[in-house]
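# Structural overview
Residues per chain are reported as follows:
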Amino acid sequence: MTYKNFTVATDADGIALVTWDMPGKSMNVFTTEVMDELDAIIDATVADAAVKGVVITSGKSSFSGGADLTMIQSMFSFYHDEKAKDPAGAVEKVFHLVGRMTGLFRKLETCGKPWVSAINGTCMGGAFEMSLACHGRVASNARSVKIALPEVKVGIFPGAGGTQRVSRLANAQDALQMMTTGSSLTAQRAKAMNLVHQVVEPDQLIPAAKQMIKDGLKPVAPWDEKGFKVPGGGIWTPASAQLWPAVPAMLRKETAGNYPAALAILKCVYEGLQVPFDTGLRIEQRYFTQVLQTTEAFSMIRSLFISMQELGKGARRPSGVPKSEFKKVGIVGAGFMGASIAYVTAAAGIPVVLIDRDLEAATKGKAHSEGLVKEAVGKGRMSQDEGAALLALITPEAGYEGLRDASLVIEAVFEDRDVKKAVIEAVEAVLPEGAVFASNTSTLPITGLARNSKRPGDFIGVHFFSPVHKMMLTEVILGKETGDKAIAVALDYVAAIKKTPIVVNDTRGFYVNRCVFRYIHEAYDMLIEGVPAAMIENAAKMAGMPVGPLSLNDEVAVDLSQRVIRASLADLGEGSVDPKHVALIDKMVDELDRRGRKNGRGFYDYPAKPAKKSLWPGLKDFYPQKRAEDVDVTVIKQRLLATIALEAARTVEEGIVTDPREADVGSILGFGFAPYTGGTLSYIDGMGVKTFVALCEKLAAAYGERFKPTALLLDMAAKGDTFYTRFNPYKESKAA
Ligand code: NAD
C-alpha cells in the first residue's frame, strides 16, 4: 500500500521502516490525513505476519513540529458551530473529536508489535506524544535535536496522552516543569529524565532503533505491565506530600492564574496518577475539552501561532515584486544598535559592510559580534567553524565606497535629524539605483526623514528592538511615499533574519512605542496618586506583563522618557504632556540623576551583582502614600492593560495599524503584552467591545479623559463588531 505522507520499507529482518515525509512541506505535522494514514499503517503492519516490529522516523531534517494548529483552530469553529445548533451536545462532540489522537496513539501502543521512534531532529508536541506511545525511543545526539511539549505556549496542553505518559516515566517535578513551561530538552536531558532510551550518533540512529527490536523489545508499555509503579511511588507518598502542596503556589507565582492550560496540566497529572492509565487518558481528554472552550486558548493560538506564522511568511508583502536576494547589506552606524543588526544579518548568511565615522568605531562595532560568537561557541550553540564563517561576513569600513553593490542599507546613526540627513545624502551618492534605504530611527517620523532622500519611494523604516539578537519583532514603517518594492525588500530582509515583521504607517512613536509609553505613563499617574511603587510593579505582573512599567522605564532609560516628553512638548505644544509627568521625570533626571539601569539608579537601585535590584525607597517621599488596603489591585491591573489596549485601538482608528494580527503579534513580541490575552486587540475582542467600552467609561470617570472610549470603539460596541470582523484580515483572500 502507498501513502501520501509516509513510506514503508520492510527489511530482511522483518523490521518496517516508516518514514514520515510530507510532500511540499518543510516540516511534518499531524493533520487528519496523517492520522488516517498512521492508523492504516498500524493496521497493515499488524496484519502483515512478515513484520516483526516498526521503526518510525522522519525524512526531513526535523522529526515533526507536532499537531497542525490550524486543525486545532478548526476545533474552535466546530465547537462554536455545534453550540449554535445543539448547545447540550456540542461539548460532547468536541470531547470525541479531541480524543482522536489519544485513541490513535493508544492503538499504536497496544497493537501487539514493538514500535521504536527514531528521533532525528526537532520533535515537538503531538509528535513527541506519539513517540511516547512507542515502546522504544532513540534520539540522535545532533545539536539540532530538541524535544518539547510546548503546547502551553499557545494556550493548550499536551492532550494526546502527554500528561499521562510523561508523568509515568519522569519524576513528577521534572514532568510538571517540562509541560507547564513548554521548554525544550536536549536529547541527553530527555534521556536523563527517562523520556528516551538511547542517545546515539546521527548515523547510528536507524541501526540502533532496529537493534532494540532485534534485542526483543517488548510491545508493552510499562503502565500496561502488572505491578507498574509510578516513579517516586505516585501521589500518596511522603515525598509527594512535600511536593504537591507547593505546586499550585509555584504555578501561581509563574502564571498569576492567567493560564488555564497550565493549571489543567497540574490537574491532569495529579488526578491521572491516582487512577489506571486509560482513566488518566479520559481525565486528560476532559480537561483538554474544557481548555479548548477558553478565550485564552482561542486567542493565543490565533495570535501566537496562526498570525505569527502568517506574518512571518509575508502576509503583508506586496505580490508581484520578485523575491530579494541579499548579496550585501550595508549598515551605517556601528553603535549599540548597528553592531547588533550586523550580527543578526551575518547570522543569516548575508555579507555585511559595517560603516562608522572611522575604522576604529566600525571595528569596535564588529567586536560586538565577536563577543556574541564567543559566547555561543562557549555554550555549544555554535561550532568554531560556524562562528568564524559568521564573523568573516562582517567587513568594518569607514566611508561609503563599500555600498556600491549593496541592495539594502540600514541606517543606525545618532537620533539626530541633521546627522541622519547628512548620512542619507552621502549614502545615496553611491548606492545603486533601486537599492533600498532603511532607517532604524525610533522616534523620527519616516516621512520627514524621507524628505532628505532623492528616492523617497525606496525609503522605509525598519525598527529593531533591543537586544536585537533576542527580540523577535521588527516594525516596518511606511513613509507617505514608500513604494511596494521597498516594502517587499524590507519584508524579505526581516524574513531572512528570521524575525516577525509588522507593517505600520508613519506616526510619532510608531505602534510599539506608542503603546509602551502609555503603559509607562499610567504608572507615572499611579505614582502621583500615591499608589506604592511595589503595588504598581506587582499588579503589572499579576496582569500578565513580563516587566513592571517602572522597571521597563529603567531599561529604556528615564532620560529617554525625558527626551520623548520634551520632543512632544516642542512639536505638539504645551498641553500635549501632563505637567505632573514633566515634573516627575525632570526631578528624576535633572535633580537626582536617576537615569535608569544604565547609570545604576532609576526607579530601582542596581547594586553590584550578585545582589538584586530593588525599588528605590526614596520614591515613597515624592507623593503622600496610599495605604495598600486602600488600593484596588484589580483596578490597577485593568488600568495598565486597558490604557495600552486603548492606544492600540487608536492606532487602528488612525489607520496606523491596518491589520489586527499586527497589533496583537506586535504587542506580544514587542513588549510582552499579557500573552494569555492574545494581544492588545484580542484583549478587547476577548471580553467583547461592549464590555471594554464600559470598562473604559468607568476608568474615565475615576481617572480621567485619557480612558474615554474612542468613536470607533463606541460604534463597534453599538454594532456588535469585533476587530477581527470589522478589520477582517482575510477579507480579500475570501473575496478572491
Ligand atoms: P549609538 O550612539 O550607540 O550609535 C550610533 C552610532 O552611529 C555611533 O557608533 C556613531 O559613531 C555612529 N555615527 C554617528 N554619526 C555617523 C555618521 N555620520 N556616519 C557613520 N556613523 C555615524 O546609538 P544607538 O542606540 O545604536 O541608536 C542608533 C539608532 O537606532 C537611533 O536612530 C536610535 O533611535 C535607534 N534605535 C535605538 C534603540 C535602542 O534601544 N538604543 C532601539 C531602536 C532604535
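Preceding block: the structure.
Presented here is an overview of the structure given in this document. For every chain, the first residue of the written sequence is number 1, and numbering continues from 1 along that sequence. Under the rules for a predicted model, residues below a pLDDT of 70 receive no local features and side-chain atom pairs below 80 are neither given nor counted, while totals for whole chains, interfaces and linings still include all residues. Just so you know, side-chain values use all the structure's heavy atoms and leave hydrogens and water out.

### Here's the deal with the sheet that holds strand E8 (residues 136-140)
Quick note on the threshold: At least two DSSP bridges between two strands are needed for those strands to be called paired. Under the DSSP-based scheme used, a helix requires at least four consecutive residues in state H or I and a strand at least two consecutive residues in state E, with every element numbered from the N terminus. Convention adopted: a line fitted to C-alpha atoms gives each axis, helices being fitted over their contacting stretch, and angles between N-to-C directions are expressed from 0 to 180 degrees.
Across the sheet, 6 strands lie side by side as E1-E2-E4-E6-E8-E10; this open sheet has mixed pairing. The two strands at the open ends of the sheet, each matched to only one other strand, are strand E1 (6-10) and strand E10 (198-200). On average, each strand axis in the sheet is tilted by 20° relative to the strand beside it, whichever way the strands run. By the bridge criterion, 5 bridges tie E1 to strand E2 (residues 15-20) in an arrangement that is antiparallel.

### Observations regarding the packing of helix H28 (residues 689-703) against helix H29 (residues 711-719)
Counted only if it meets this: Working definition: roughly parallel below 35 degrees, roughly antiparallel above 145 degrees, roughly perpendicular at 65 to 115 degrees, and oblique for all remaining angles. What makes a crossing left-handed is the near helix being turned counterclockwise from the far one by less than a right angle; a clockwise turn instead makes it right-handed. Any two residues whose heavy atoms approach within 4.5 Å at even a single point are treated as in contact. Three categories are distinguished: nonpolar for Ala, Val, Leu, Ile, Met, Phe, Trp, Tyr, Cys and Pro, charged for Asp, Glu, Lys and Arg, and polar for the others, with Gly belonging to the last.
At a minimum axis separation of 8 Å, H28 and H29 run at an interaxial angle of 135°. Taken together, the axes of H28 and H29 lie oblique to each other. By crossing handedness, the relation of H28 to H29 is classed as left-handed. Between H28 and H29, the residues in contact are Val689, Lys690, Phe692, Val693 and Glu697 and Leu713, Leu714, Met716 and Ala717, respectively. Of the residues in the contact of H28 with H29, the class split is 7 nonpolar, no polar and 2 charged.

### Describing the side chain of Thr31
Stated precisely, the cut-off is as follows: The rule is simple: take the accessible area with a 1.4 Å probe, protein chains only, and divide by the maximum for that residue type; under 20% is buried, over 50% is exposed, in between is partly exposed. Polar contacts here mean pairs of N or O atoms no more than 3.5 Å apart (in protein, one a potential hydrogen donor and the other a potential acceptor; neighbouring residues in sequence count only if both atoms are side-chain atoms).
Within the secondary structure layout, Thr31 lies in the loop between strand E3 (29-30) and helix H1 (32-47). Looking at Thr31, the relative accessible area reads 15%, which means it is buried. A distance of 3.1 Å separates a polar side-chain atom of Thr31 from the backbone nitrogen of Val34. Dropping the residues within four chain positions of it, Thr31 is found in contact with Met22, Asp68 and Met71.

### A few points about the sheet that holds strand E18 (residues 500-505)
Taking strand neighbours across the sheet as the criterion, the 8 strands line up as E13-E12-E11-E14-E15-E16-E17-E18 in an open arrangement whose pairing is mixed. Bordering the open sheet on either side are strand E13 (394-398) and E18, each of which pairs with just one other strand. Here the average twist between neighbouring strands, direction ignored, is 25°. Sheet topology places strand E11 (residues 329-332) next to strand E12 (residues 352-356); 4 bridges connect them, and they run parallel. Directly across from Ile331, in E12, lies its bridge partner Leu354.

### Some words on the site of the ligand
Note the threshold: We call a residue near a molecule or strand when any one of its heavy atoms sits within 4 Å of it. Residue exposure ignores everything except the shown protein chains as possible cover, and the areas themselves are Shrake-Rupley values with a 1.4 Å probe.
The environment of the ligand is made up of 22 residues, and the closest members are Met337, Asp356, Glu415, Lys420 and Ser442. A distance of 2.7 Å separates an oxygen atom of the ligand from a polar atom in the backbone of Met337. Between the ligand and the protein, one listed contact pairs an oxygen atom with a side-chain N or O atom of Ser442 at 2.7 Å. Coverage of the ligand by the protein chains reaches 78% of its 830 Å² of free accessible surface. When residues of the shell around the ligand are traced back to their parent elements, those giving at least two are helix H14 (336-347), helix H17 (417-430) and strand E16 (459-464). Among the elements that take part in the shell around the ligand, H17 stands out by supplying 3 residues, more than any other. Grouping the constituent residues of the shell around the ligand by class yields 11 nonpolar, 7 polar and 4 charged.

### Considerations on the packing of aromatic side chains
Keep this limit in mind: Here a pair means two rings of Phe, Tyr or Trp (six-membered ring of Trp) with centres within 6.5 Å. Their orientation is stacked below 30 degrees between planes, edge-to-face above 60, and tilted elsewhere. Whether a charge sits over a ring comes down to the Lys NZ or Arg CZ being within 6 Å of the ring centre and within 35 degrees of the ring normal.
Within the structure shown, the criterion is met by 21 aromatic pairs. Here the aromatic rings of Trp20 and Phe63 are separated by 6.3 Å at their centres, their planes lie at 90°, and the arrangement is edge-to-face. Of this pair, Trp20 sits in strand E2 while Phe63 sits in the loop between strand E4 (53-58) and strand E5 (66-67), placing them 43 residues apart in sequence. A relative accessible area of 0% places Trp20 in the buried class. Positioned above the aromatic ring of Tyr724, the side-chain terminus of Arg302 is 3.5 Å from the ring centre. In this structure, Arg594 packs its charged tip against the face of Trp616, placed 4.0 Å from the ring centre.

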